[in-house]
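# A closer look at the structure
The chain contents come next:
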Amino acid sequence: MMPEAPRIYPTFRFRNAAAMIAWLERAFGFTTHAKYMDGDKVAHAELAFGSSMIMCGDDREDAYGELVGKPSAQGGRSLYIAVDDADAMFARAKAAGAVIEEGLTDRDYGSREFICRDPEGNLWCFGTWWPKVTDKT
């Protein structure tokens, strides 16, 4: 049986989506799966990371924008991404100018992790802890 495609897609509204897409590709290794423009603005983009994706676009004043609000410090929200090699991702993110909030740390539950911010202030957590739906708890 083929594994099911992901069902959860974190979404971001950026002040400058085109610049953020380029940065996410350089800093974390995302690839652009799809990008739809509305003039010079990114209306919708899908960025792949392994078998997962995020969706993003430029901040704009529309019904969805009113629901999610303006890009900000994003208090209380972050995104965790499981990686095979946290040290390599840390080096890549740091070289791209990510603001390191917490350096490489070995957690008591077996994960090696770090926490950083992108140029628009969003919090990204990368670690080797990778729970899978098929794992028994």
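Residues numbered from 1 in each chain as written. Predicted model: local features only at pLDDT ≥ 70, side-chain atom pairs only at ≥ 80, totals over all residues. Heavy atoms only, no water.

## A few points about the overall build of the chain
Counting secondary structure elements, the chain contains three helices and eight strands. When the helices and strands of the chain are read in sequence order from the N terminus, they spell out β-α-β-β-β-α-β-α-β-β-β. Expected size for 137 residues packed as a compact globule is a radius of gyration near 14 Å; at 16 Å, the chain falls within 12% of this value. Split into buried and exposed, the 137 residues of the chain put 35% on the buried side. Considering only contacts in the chain between residues 6 or more positions apart, those separated by 24 or more positions represent 52%. Counting every atom, the chain has about 8,600 Å² of accessible surface; 55% of that belongs to carbon and sulfur. (Helix = DSSP H or I, 4+ residues; strand = E, 2+ residues; numbered from the N terminus. Rg over C-alpha atoms; globule rule 2.2 N^0.38 Å. Buried < 20%, exposed > 50% of the residue type's maximum accessible area, 1.4 Å probe, protein only. Contact = heavy atoms within 4.5 Å. Areas by Shrake-Rupley, 256 points an atom, 1.4 Å probe, with all protein chains shown as cover.)

## Describing the nonpolar core
Within the largest apolar cluster, 29 residues are counted, with the highest numbers of intra-cluster contacts made by Leu24, Phe28, Phe30, Trp124 and Phe126. Taken together, the elements giving at least two residues each to this core come down to strand E1 (11–14), helix H1 (17–28), strand E3 (41–49), strand E4 (52–58), strand E5 (79–82), helix H3 (86–95), strand E7 (112–117) and strand E8 (123–127). Among the elements that make up this core, the one with the highest residue count is H1 (seven residues). The residues contacting Phe28, other than those within four sequence positions of it, are Trp23, Phe49, Met89, Arg92, Ala93, Cys116, Trp124 and Phe126. (Core = buried A, V, L, I, M, F, W, Y, C linked by side-chain atoms within 4.5 Å.)

## Thoughts on the pattern of salt bridges
The tally for this structure, following the rule as stated, stands at nine salt bridges. One salt bridge in this structure joins Asp59 and Lys70, with 3.2 Å as the shortest N-O distance. With Asp59 in the loop between E4 and helix H2 (63–68) and Lys70 in the loop between H2 and E5, the pair connects residues that are eleven residues apart, well separated along the chain. Among the salt bridges present, the one from Arg112 reaches Asp106, with a minimum N-O distance of 2.9 Å. (Salt bridge = Lys/Arg side-chain N within 4 Å of Asp/Glu carboxyl O.)

## Concerning the environment of Asp58
Inspection of the secondary structure puts Asp58 in strand E4. The exposure class of Asp58 is buried, given its relative accessible area of 4%. Considered as a pair, Asp58 and Ala45 are 13 residues apart in the sequence and their alpha carbons are 9.4 Å apart. In this view, Asp58 contacts Arg13, Phe14, Arg15, Asn16, Ala17, Lys41 and Val42; residues no more than four positions away in its chain are not counted. A distance of 2.8 Å separates a polar atom in the side chain of Asp58 from the backbone nitrogen of Ala17. (Polar contact = N/O pair within 3.5 Å; in protein donor to acceptor, adjacent residues only side chain to side chain.)

## So, the state of the cysteines
Tallied over the entire structure, the rule returns zero disulfides. Free cysteine Cys125: the closest other cysteine sulfur is in Cys116, separated by 8.0 Å. (Disulfide = S-S within 2.5 Å.)

## Quick notes on a nonpolar patch on the surface
On the surface, Tyr64, Leu67 and Val68 cluster together into a nonpolar patch covering about 300 Å² of accessible area. Within the element layout of this structure, Val68 appears in helix H2. (Patch = residues over 30% accessible without salt bridge, like charges linked within 9 Å, V, L, I, M, F, W, Y side chains within 5 Å.)

## A closer look at the packing of aromatic side chains
Following the criterion strictly, the structure yields ten aromatic pairs and no others. Consider the rings of Phe12 and Trp124, whose centres lie 5.3 Å apart with planes at 15 degrees: the pair is stacked. Of this pair, Phe12 sits in strand E1 while Trp124 sits in strand E8; the two residues are 112 residues apart in sequence, bridging distant segments of the chain. This pair shows no difference in class: Phe12 is buried, exactly as Trp124 is. For the ring pair Phe28 and Trp124, a centre distance of 5.2 Å and an interplane angle of 55 degrees mean the geometry is tilted. Here Phe28 is found in helix H1, whereas its partner Trp124 is found in strand E8, with 96 residues between them in sequence. Given the relative accessible area of 0%, Trp124 is considered buried. Taken together through their ring pairs, the aromatic side chains of Phe12, Phe14, Trp23, Phe28, Phe30, Phe49, Phe90, Phe114, Trp124 and Phe126 make up a single cluster. (Phe/Tyr/Trp six-rings, centres within 6.5 Å; stacked < 30°, edge-to-face > 60°.)

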